Amino acid sequence: MNLGKKIIILATLVVLGMQTLSCVLEVGFLYRKIEAGYLTKYKLSGTAMSRKLERSLLYGKKIDKLNYNRLLKGLIPKDVAGIMVNDANAKELYSLNDVKISDLEVVKSSDVVLKKGQYYVMVFPLYEREVFRGNMFVFISDQGIRDKILPIIEDVAIKFVIIFAILILMLYIILHIFMEKPFGVYINNLRDAIANKDQSVLNAIGVDMKDYFNIENIIDTLKSGRWLELKSKEKGSKIANKEDKIADYEFAISIQKLWSEIRDNVSKEKREAM
C-alpha cells in the first residue's frame, strides 16, 4: 500500500470519527430538549394535583382519609400512565391504573424526576404546613418521547451519510491533486535522476547521491575486471607482490558486499515509495 492510500484511509477514519461524535452529541442534545419539553406539561398538572391535596390536609383531613378520585378529578392528564400516593412511611394509599414500581423511596424535596424502566416518575412531596405527610408519584410513559426522537434520529442519520460522502469525495480530490499526484511526480523524477546519475537534478530536489554514484563507479570497475587498478592508483605504483594482491582482493570483496547492501536498501526504499 503506497503512502497516498494510507493518508486517504487515515483521513477517512478521522472524518468518520468526527462525524459520528457530532451526530451523537446532536441527538443527545435534542433528546434532552424534547424530554424537558415533554415533561413540562406533566409537571404543571402534577403541581396542581399536589396543591389540591395539600389544601385538603390544611383543612385537617388525614392523608389516608382523602377521597383521591374526587379531589383529582379533572386534573389528571388523559395520557398519564398512572398515579400513586404514599404516606410518610412509604405505605401505599392510592393508585391509579395499577402501575407498580417497588423501589420508590420517600422523597421530601421537590422537582425530582426518576427514570424507572419505561416510565418517568415525577415525585411531588405532600406537606401539611411544615410537616411532611407523604409523596405523590406521577408515572409517564417514555413512548411519547421515543415517537418524537426517532424521526429526528433518522433525519440526522441521512444527513450524516450525505455529509460524510461529500467530505470523503472532497478529501480524495484534494489529496490526489495536491499530495498524491505531486508525490508521484517527485518519485518518478527521483528514479530517473538516479538512473541517469544526474546529480544536478538530485541537488535541485534536495537529495545527495554523490557517495552512491562513487561506489557504483567502483563496482563497475570491479565488474569489468580492473579492480586491481584501484589500489595501484592509490599507491601510485603497480602491485608487485602476493601480499598486495591478497589485500586488494579483500578490498574488492568488501566493496562488493557494500554495493549489495546499498542496492538492497535502495530497492527497498523504491518499493516503499511506490
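This text gives an overview of the structure that appears in the document. (Residues numbered from 1 in each chain as written. Predicted model: local features only at pLDDT ≥ 70, side-chain atom pairs only at ≥ 80, totals over all residues. Heavy atoms only, no water.)

## Notes on the overall build of the chain
Within the chain, the secondary structure is distributed over seven helices and five strands. The linear arrangement of helices and strands in the chain, starting from the amino end, is α-α-β-β-β-β-β-α-α-α-α-α. Counting across all 274 residues of the chain, residues that qualify as buried make up 31%. Long-range contacts, defined here as pairs at least 24 residues apart, represent 53% of the contacts in the chain between residues at least 6 apart. In the structure as shown, the chain presents an accessible area of about 17900 Å², 58% of it carried by carbon and sulfur atoms. (Helix = DSSP H or I, 4+ residues; strand = E, 2+ residues; numbered from the N terminus. Buried < 20%, exposed > 50% of the residue type's maximum accessible area, 1.4 Å probe, protein only. Contact = heavy atoms within 4.5 Å. Areas by Shrake-Rupley, 256 points an atom, 1.4 Å probe, with all protein chains shown as cover.)

## Details of the sheet that holds strand β2 (residues 92–96)
Taken together, the five strands give an open sheet; going across it, the order is β2-β1-β5-β4-β3, and neighbouring strands pair in antiparallel fashion. Two strands lie at the open edges of the sheet, namely β2 and β3 (112–116), each paired on one side alone. Neighbour-to-neighbour, the strand axes of the sheet open up by a mean angle of 20 degrees, direction not taken into account. (Pairing = 2+ DSSP bridges. Axes fitted to C-alpha atoms, helices over the stretch in contact; angles between N-to-C directions.)

## Considerations on the nonpolar core
One finds Leu53, Tyr68, Met136, Val138 and Ile140 to be the most contacted residues of the largest nonpolar core, which totals 26 residues. Looking at this core element by element, the count peaks at seven residues for helix α1 (residues 3–58). The next biggest cluster of nonpolar side chains, apart from the first, holds eleven residues, and it includes Met84, Ile101, Val123 and Phe137. (Core = buried A, V, L, I, M, F, W, Y, C linked by side-chain atoms within 4.5 Å.)

## Some details on unusual backbone geometry
Despite not being glycine, Ala90 has its phi angle at roughly 65 degrees, a positive value. One can find Ala90 in the loop between β1 (82–87) and β2.

## Quick notes on a nonpolar patch on the surface
Residues Ile158, Ile162, Ile163, Ile166, Leu167, Leu169, Met170, Tyr172, Ile173, Ile174, Ile177 and Phe178 make up a contiguous nonpolar surface patch of roughly 1200 Å² in combined accessible area. Summarising the element assignment, Ile174 is placed in helix α3 (residues 143–196). (Patch = residues over 30% accessible without salt bridge, like charges linked within 9 Å, V, L, I, M, F, W, Y side chains within 5 Å. Salt bridge = Lys/Arg side-chain N within 4 Å of Asp/Glu carboxyl O.)

Everything listed here is a matter of geometry and, on its own, says nothing about what the molecule does.
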